[in-house]
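Fold and geometry: a report
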Amino acid sequence: MVSLVLAVSCSAQAKPKGITVQDVKHLALKECLTSHYRERTPAESFSAPAHDRSFLPERYALDNAGKWNTFRKFVAKETKGFGTLTLALCPDSAKDANNIMEQCMSFYESEKLDNYARSLVK
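Please read these numbers as outputs of a predicted model, since none were measured by experiment. (Residues numbered from 1 in each chain as written. Predicted model: local features only at pLDDT ≥ 70, side-chain atom pairs only at ≥ 80, totals over all residues. Heavy atoms only, no water.)

**Observations regarding the confidence of the model for the protein**
Residue-level pLDDT values for the protein average 85, and 85% of them are 70 or greater. Per-element confidence in the protein ranges from a low mean pLDDT of 45 for helix α1 (residues 2–12) to a high of 97 for helix α4 (residues 68–78). Note that residues 1–12 has pLDDT below 50 and, in this model, zero contacts with residues that lie over four places away or in other chains. (pLDDT = per-residue confidence, 0-100. Helix = DSSP H or I, 4+ residues; strand = E, 2+ residues; numbered from the N terminus. Contact = heavy atoms within 4.5 Å.)

Printed below as a string of structure tokens:
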């Protein structure tokens, strides 16, 4: 009996239900933007992106399938350093500049994210 319950619960957690590859990619883009803008926002300041609840059902689907933490680790690893400016600007402009959006969009469109998202939902 215990084996049956364990087998059913493990198989139920194998893949997230009700989300698509595109949903996972959208959530990855949101996670990328939110985390890197949060890094650049002073702790005492309000951060609107940190309070954005877009894609909450998709996040819950990943969490219910036991995939949320590995998803967040994947996004963090693949987007490490995105808060650092990668454009050449004059020093006065570069002081507070960033190109987080551009870097996160490149990640969103990447084959690596597409393959990862496909592996999560199929």
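**Quick look at the state of the cysteines**
A complete count under the given rule lists one disulfide for this structure. The disulfide that involves cysteine 32 links it to cysteine 104, with 2.0 Å between the sulfurs. Of note, the bridge from cysteine 32 to cysteine 104 carries an S-S torsion of about -75 degrees and is left-handed in sense. Here cysteine 32 is found in helix α2 (residues 21–39), whereas its partner cysteine 104 is found in helix α6 (residues 100–108), with 72 residues between them in sequence. For cysteine 104, a relative accessible area of 0% translates into the label buried. (Disulfide = S-S within 2.5 Å. Buried < 20%, exposed > 50% of the residue type's maximum accessible area, 1.4 Å probe, protein only.)

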